[in-house]
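Residues per chain are reported as follows:
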Amino acid sequence: MTYIRVQLGALGLALLTGLAAPPAHAAEDPAAAPTVEERRLDNAAPQEILARSGFATVAPEFVRALDKARSYAQAERVVERQGARLWQRAVDRAQGRGPAGGDLSRDDDRPLYWARLGMTREVRQWEPQFGLTEAQRTRLLGSLERTSRGQDTIRYPHAKGVKRILVTGFDPFTLDRDIRISNPSGATALALDGTVIETADGPARIETAVFPVRWQDFADGTVERTLRPHLPRVDLFTTVSQGRVGRFDVERTNGAWRGGFGDNENLSRTETIPVTDPASQPQWTSTTLPYKDIVAASTGRFPVYDNTSVTEIPAGGTTPVVRPEGPTPGSTARAGGGGDYLSNEIAYRATLLRDRLGLTASLPGGHVHTPVLQFGTGNTDPASGTVTDPQFIQNRLDIIAQVRSILKVAADVTD
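Residues numbered from 1 in each chain as written. Predicted model: local features only at pLDDT ≥ 70, side-chain atom pairs only at ≥ 80, totals over all residues. Heavy atoms only, no water.

Draft legend 1. Broad picture of the overall build of the chain. A count of helices and strands for the chain gives 13 helices and 14 strands. In terms of overall dimensions, the chain is globule-like: its C-alpha atoms have a radius of gyration of 21 Å, near the 22 Å expected for 415 residues. Over its C-alpha atoms, taken along the principal directions, the chain stretches across nearly 60 × 50 × 50 Å. Expressed as a percentage of the 415 residues in the chain, the buried residues total 56%. Sequence separation of at least 24 residues holds for 77% of the intrachain contacts in the chain that already meet a minimum separation of 6. (Helix = DSSP H or I, 4+ residues; strand = E, 2+ residues; numbered from the N terminus. Rg over C-alpha atoms; globule rule 2.2 N^0.38 Å. Buried < 20%, exposed > 50% of the residue type's maximum accessible area, 1.4 Å probe, protein only. Contact = heavy atoms within 4.5 Å.)

See the structure below:
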């Protein structure tokens, strides 16, 4: 997720950009109206991405299955099955299994994102004959989100001697700036889910999940709900997001602050990160990844940095100050090394959960920012209609490969 500190101009750009008109078949009931994310579906670029990947059939097939449900219990089963099928289809496509479905590069994460939105829009507008309360509809949407993001299919083999690595990625975002955007962290999650890397101590199995770029989902506990069952049993974890141009960063410190940049629903939040038991909430959490080893290793094309900088309000002060070497005692967070957006927040929540589970000394974990995924020279105009190009594909493949190498380095030095 792009590194963001609070800047009025950037915030204004995100909030003032126009939205696509809602689809013609939108329901009159405001509760069933498509969301901001779903309204973008009818733009040309998402439709091209779906058509060129074979994922344009996902929502129509889902509707046909859903319309066969004769009770809420049957609808639940349909949603769970179809959501899991979408995730597995995206993983299989990214890893070269089955038909490509079109000429769009297999490593592309965008078909999963847009296909999921097609499915959620249908659930939001579905009116079955047996009736559906808004609470039931909300539960169906929650189930669809979890299953189609791999959040409930994190499973490791029971074989002895196999290390367990957990990795998370994100949806595309800042779509009102450029609706063609792909997120290399999401693409990495699809490429690595269920794969095995060989480490100095033997094989290591990677399991992944993808998270939305929405403030409210994080406040509702989606990160903790997904990670809590697994952190006590894994050997290494890292949250991953898109960061700065031309570089990787291992973020040393995460801050307890939301800086207000608009999310994928164009909603803004400026506040302390809301967590359970706020009375014991720290202003800062720290990585336990082996950052020195990662930075020193040759992992790929992009340089990797140990990023120690934060922004704080010093103890007794009122004005934010940038601290290149990290926070000072008693300070209040205004940005972690990874900024003040949802990439910082997932790092903060995951490492706070690690600490609250008593795993600080035993579990290596933290956040890695990837380079910004850039289109090729001459393909920088969002209105160009060119949703991909050879350099764009190569950049994404290089980022995926380097994340995998970083994980190997980290696993090699993990006891």
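Draft legend 2. Spatial organisation of the sheet that holds strand β12 (residues 321-323). Reading across the sheet, the three strands line up as β12-β11-β13 and stay open at both edges, with antiparallel pairing between neighbours. Strands at the two margins of the open sheet, each flanked by one partner only, are β12 and β13 (332-335). Recorded for the sheet is a direction-independent mean angle of 45 degrees between the axes of neighbouring strands. In this structure, strand β11 (residues 310-313) lies alongside β12, joined through three bridges in antiparallel fashion. Looking at the pairing, E312 lines up with V321 of β12. (Pairing = 2+ DSSP bridges. Axes fitted to C-alpha atoms, helices over the stretch in contact; angles between N-to-C directions.)

Draft legend 3. View of the sheet that holds strand β10 (residues 304-307). Sheet architecture is open: seven strands sit in the order β2-β3-β1-β4-β14-β5-β10, paired in mixed fashion. Of all strands in the sheet, those bounded by a partner on one side alone are β2 (196-199) and β10. With direction set aside, neighbouring strand axes in the sheet form an average angle of 25 degrees. Alignment of strand β4 (residues 236-242) against strand β14 (residues 365-370), held across six bridges, turns out to be parallel. For Q242, the partnering residue across the bridge sits in β14 and is T370. The strands that helix α13 (residues 390-412) touches are β1 (163-170), β2, β3 (202-211), β4, β5 (248-251), β10 and β14; relative to β2, the one it contacts most, it runs at about 45 degrees.

Draft legend 4. Local environment of the packing of aromatic side chains. Counted under the stated rule, the structure contains nine aromatic pairs. An angle of 70 degrees between the planes, with centres 4.8 Å apart, marks the rings of Y113 and W114 as edge-to-face. Y113 gets classed as buried once you look at its relative accessible area, which sits at 2%. Counting every residue linked through ring pairs, the aromatic cluster contains F173, W215, F261 and Y341. Positioned over the ring face of Y305 is R247, at 4.0 Å from the centre of the ring. (Phe/Tyr/Trp six-rings, centres within 6.5 Å; stacked < 30°, edge-to-face > 60°. Lys NZ or Arg CZ within 6 Å of the ring centre and 35° of its normal.)

Draft legend 5. Spotlight on the side chain of E38. When you line up the elements, E38 lands in helix α2 (residues 36-39). Here E38 is in contact with L117, T120, R121 and R124, once residues within four sequence places are set aside.

Draft legend 6. Quick look at unusual backbone geometry. Non-glycine residue N266 carries a positive phi angle of around 60 degrees. Inspection of the secondary structure puts N266 in the loop between β7 (257-259) and β8 (270-272). Judged by its relative accessible area of 18%, N266 falls in the buried class. Phi is positive for D277, close to 50 degrees, though the residue is something other than glycine. When you line up the elements, D277 lands in the loop between β8 and β9 (284-286).

Draft legend 7. The packing of helix α6 (residues 110-125) against helix α7 (residues 134-148), seen in detail. One way to put it is that α6 packs onto α7 with a least axis distance of 10 Å and a crossing angle of 165 degrees. With respect to α7, the axis of α6 lies roughly antiparallel. Two packed elements cross with a definite hand, and for α6 against α7 that hand is right-handed. Touching L112, R116, M119, T120, V123, R124 and Q125 of α6 are R137, L140, L141, L144, E145 and S148, all from α7. Looking at side-chain class alone, the contact of α6 with α7 contains six nonpolar, three polar and four charged residues. (Parallel < 35°, antiparallel > 145°, perpendicular 65-115°, else oblique. Left-handed = near helix turned anticlockwise from the far one by under 90°. Nonpolar A, V, L, I, M, F, W, Y, C, P; charged D, E, K, R; others polar.)

Draft legend 8. Region of interest: the pattern of salt bridges. The tally for this structure, following the rule as stated, stands at 32 salt bridges. The closest approach of N and O atoms between R149 and E145, which form a salt bridge, is 2.6 Å. Taken individually, R149 and E145 each receive the classification buried, so the pair is uniform in this respect. Taking the shortest distance from any N to any O, the salt bridge between R252 and D306 comes out at 2.5 Å. (Salt bridge = Lys/Arg side-chain N within 4 Å of Asp/Glu carboxyl O.)

Draft legend 9. Fine view of helix α8 (residues 184-192). Across the nine residues of α8, nine count as buried, placing the element largely inside the fold. Those residues of α8 not exposed but buried are P184, S185, G186, A187, T188, A189, L190, A191 and L192.

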